[in-house]
Amino acid sequence: MTTTTAEKSGQYRLGDRTVHRIGYGAMQLAGPHVMGPPADRDGAIAVLRRAVELGVDHIDTSDYYGPHVTNEIIREALHPYPENLTIVTKVGARRTADGHWPEALGADELRQAVHDNLDHLGVEAMDVVNLRMPGAEPVQRSLAEPMETLAELQQQGLIRHIGVSNVTPQMFAEAKGIAPVVCVQNHYNVVHRADDPLVDALAREGIAYVPFFPLGGFTPIQSAALETVARRLETTPMEIALAWLLARSPNLVLIPGTRSIPHLEENLQAAARVLGPVEMEELDRIGGTGTLDPDL
């Protein structure tokens with residue numbers, strides 16, 4: 001049987017980079033609650049190497065995962081990096097000893113965060129840096145000052161492209177008035193669809209939308225509906241949720257994470273999964289508003 005690879009998900013652009021629409025999110029490579037080292041560091045390294053073997057050319061990370069842990073593992077596993085590998089990080093928070101994520105949006109904090117990412121990943125410039133705004137869901141506020149700091153770092157050559165995360169459409173508009181924005185990373189899935197208009201607006205502008213928590217915020221009834229479709233197609237709810245996202249709009253770029261090679265390969269099966277109009281209609285009917293773990 002031919003192994004499904006990320007190539008089958010198609011491609012989209014992040015600025016001057018082109019990536020497959022299924023990438024890899026590295027958050028789970030850290031220890032429990034995204035703190036400290038993983039129980040199996042060699043296993044984490046193996047997952048990253050297998051992901052690249054299977055065509056994954058977009059890794060989403062942050063130096064506050066661990067902190068520092070996931071970036072150090074990525075460097076050990078993949079440095080020197082393949083030329084086609086795009087590494088995307090995020091800044092805007094820091095970690096406390098008890099595992100909380102307070103905001104860190106001051107100019108000095110952001111500069112230090114970018115330099116920490118560069119140092120721990122072993123690169124001279126970041127492909128993309130996402131400005132992650134605080135909160136469990138987007139809260140309307142100005143992001144002018146932190147965005148201006150990232151724009152300065154971009155002018156210095158330390159950042160190639162800038163994205164924003166956990167933002168409202170108004171905050172996105174403010175951000176792109178300061179510097180070009182190549183992606184928006186928000187909570188979005190088949191149930192949590194408040195960003196439907198933003199997804200479509202970004203698609204018209206050629207800007208990537210990167211959804212996080214593809215199974216986050218489902219009620220038992222919604223989960224049961226997803227299970228029903230998955231059973232009919234003899235697959236998993238996660239694969240169906242990812243396949244729905246790929247079908248939803250061509251500008252959606254996915255970053256499912258896992259610590260397991262079999263689970264990684266299972267996630268990539270979604271790249272080749274074609275949902276028919278009956279399945280799409282059935283999945284669209286379960287849409288609603290979900291909730292999000294405030295610690296993530």
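A quick note: this is a predicted structure, and the numbers were derived from the prediction, not measured.

**A closer look at the overall build of the protein chain**
Okay, step 1: The number of helices and strands found in the protein chain is 10 helices and nine strands.
Okay, step 2: With respect to the three principal axes, the spread of C-alpha positions in the protein chain is 55 × 40 × 40 Å.
Okay, step 3: By the burial criterion, 56% of the 296 residues in the protein chain qualify as buried.
Okay, step 4: In the form shown here, the protein chain has an accessible surface area of approximately 12500 Å², with 52% of it arising from carbon and sulfur atoms.
Okay, step 5: Across the protein chain, 24 positive and 39 negative side-chain charges occur, with their mean positions spaced 4 Å apart.

**Looking at the packing of aromatic side chains**
Okay, step 1: Enumeration over the complete set of coordinates arrives at six aromatic pairs.
Okay, step 2: Residues Y64 and W101 carry aromatic rings whose centres are separated by 5.6 Å and whose planes lie at 90° to one another, so their mutual orientation is edge-to-face. Linking Y64 in the loop between β4 (58-60) and α2 (69-78) with W101 in the loop between β5 (86-91) and α3 (107-121), this pair joins segments that are 37 residues apart in sequence.
Okay, step 3: Among the residues examined, Y64 registers a relative accessible area of 8% and is labelled buried.
Okay, step 4: Taken together, Y64, Y65 and W101 form an aromatic cluster joined through their ring pairs.

**Regarding the pairing of strand β2 (residues 17-20)**
Okay, step 1: Direction of pairing for strand β1 (residues 11-14) relative to β2: antiparallel, over a ladder of four bridges. Paired with Y12 across the strands is V19, a residue of β2.
Okay, step 2: Hairpin connection of β1 to β2: two residues between the antiparallel strands, including G15 at a positive phi of 65°.

**A word on the sheet that holds strand β7 (residues 159-165)**
Okay, step 1: Strand order in the open sheet formed by seven strands is β3-β4-β5-β6-β7-β8-β9, with parallel pairing between adjacent strands. Single-partner strands in this sheet number two, and they are β3 (24-25) and β9 (208-212).
Okay, step 2: Bridging between strand β8 (residues 181-187) and β9 involves five bridges; their strand directions are parallel. Its bridge partner being in β9, N186 is matched across the sheet by P211.

**Remarks on the pairing of β5**
Okay, step 1: Along β5, six of the six residues are buried, which leaves the element largely enclosed by surrounding structure.
Okay, step 2: Of the two faces of β5, the one carrying T86, V88 and K90 and the one carrying I87, T89 and V91 are both buried.
Okay, step 3: Note: β4 against β5, three bridges, orientation parallel. Residue pairing across strands places H58 opposite T86, the latter belonging to β5.
Okay, step 4: Once you follow β4 into α2 and on to β5, the crossover reads as right-handed.
Okay, step 5: Pairing geometry for β5 and strand β6 (residues 126-132), over four bridges, is parallel.

**So, the packing of α2 against α3**
For any two helices packed against each other, the geometry comes down to the angle between their axes and how far apart the axes lie.
Okay, step 1: With their axes 8 Å apart at the nearest point, α2 and α3 run at an angle of 35° to one another. Where α2 approaches α3, its residues N71, E72, I74 and R75 are matched on the opposing element by N117, D119, H120 and L121.
Okay, step 2: Residue composition of the contact of α2 with α3, grouped by class: two nonpolar, three polar and three charged.

**Focus: the side chain of K90**
Okay, step 1: Tracing the backbone through its elements, the reader meets K90 in strand β5.
Okay, step 2: Accessibility expressed as a relative area gives 4% for K90, which makes it buried.
Okay, step 3: A polar contact of 3.4 Å, which involves the side chain of K90, links it to the backbone oxygen of T61.
Okay, step 4: One polar contact links K90 to Y65, side chain to side chain, over a distance of 3.0 Å.
Okay, step 5: Once residues within four sequence positions are removed from consideration, K90 is found in contact with D60, T61, S62, Y64, Y65, N117, N130, R132 and Q185.

**A short note on the pattern of salt bridges**
Okay, step 1: Taken as a whole and assessed by the stated rule, the structure comprises 17 salt bridges.
Okay, step 2: E103 serves as the salt-bridge partner of R141, at 3.1 Å between the closest nitrogen and oxygen. Residue R141 is located in the loop between β6 and α4 (144-155), and its partner E103 is located in the loop between β5 and α3; the two are separated by 38 residues in the primary sequence.
Okay, step 3: A relative accessible area of 31% places R141 in the partly exposed class.

**Considering helix α8 (residues 237-248)**
Okay, step 1: In this model, α8 (12 residues) spans 16 Å end to end at C-alpha, consistent with the 16 Å of a helix rising 1.5 Å per residue.
Okay, step 2: In terms of burial, α8 is a largely internal element, 10 of the 12 residues being buried.
Okay, step 3: Of all the residues in α8, the buried ones are M238, E239, I240, A241, L242, A243, W244, L245, L246 and R248.
Okay, step 4: On its buried face, α8 sits against α6 (196-205), β9, α7 (220-232), α9 (261-269) and α10 (277-284).

**Details of the side chain of S249**
Okay, step 1: On the secondary structure map, S249 appears in the loop between α8 and α9.
Okay, step 2: On the accessibility criterion, S249 (5% relative accessible area) is buried.
Okay, step 3: The contact partners of S249, leaving out residues within four places of it in the chain, are R21, V199 and A203.

The rules we used
- Residues numbered from 1 in each chain as written.
- Predicted model: local features only at pLDDT ≥ 70, side-chain atom pairs only at ≥ 80, totals over all residues.
- Heavy atoms only, no water.
- Helix = DSSP H or I, 4+ residues; strand = E, 2+ residues; numbered from the N terminus.
- Buried < 20%, exposed > 50% of the residue type's maximum accessible area, 1.4 Å probe, protein only.
- Areas by Shrake-Rupley, 256 points an atom, 1.4 Å probe, with all protein chains shown as cover.
- Lys, Arg positive; Asp, Glu negative; His and termini not counted.
- Charge placed at Lys NZ, Arg CZ, Asp CG, Glu CD.
- Phe/Tyr/Trp six-rings, centres within 6.5 Å; stacked < 30°, edge-to-face > 60°.
- Pairing = 2+ DSSP bridges.
- Right-handed = clockwise from strand over helix to strand, strands pointing away.
- Axes fitted to C-alpha atoms, helices over the stretch in contact; angles between N-to-C directions.
- Contact = heavy atoms within 4.5 Å.
- Nonpolar A, V, L, I, M, F, W, Y, C, P; charged D, E, K, R; others polar.
- Polar contact = N/O pair within 3.5 Å; in protein donor to acceptor, adjacent residues only side chain to side chain.
- Salt bridge = Lys/Arg side-chain N within 4 Å of Asp/Glu carboxyl O.
- Expected span 1.5 Å × (residues − 1).

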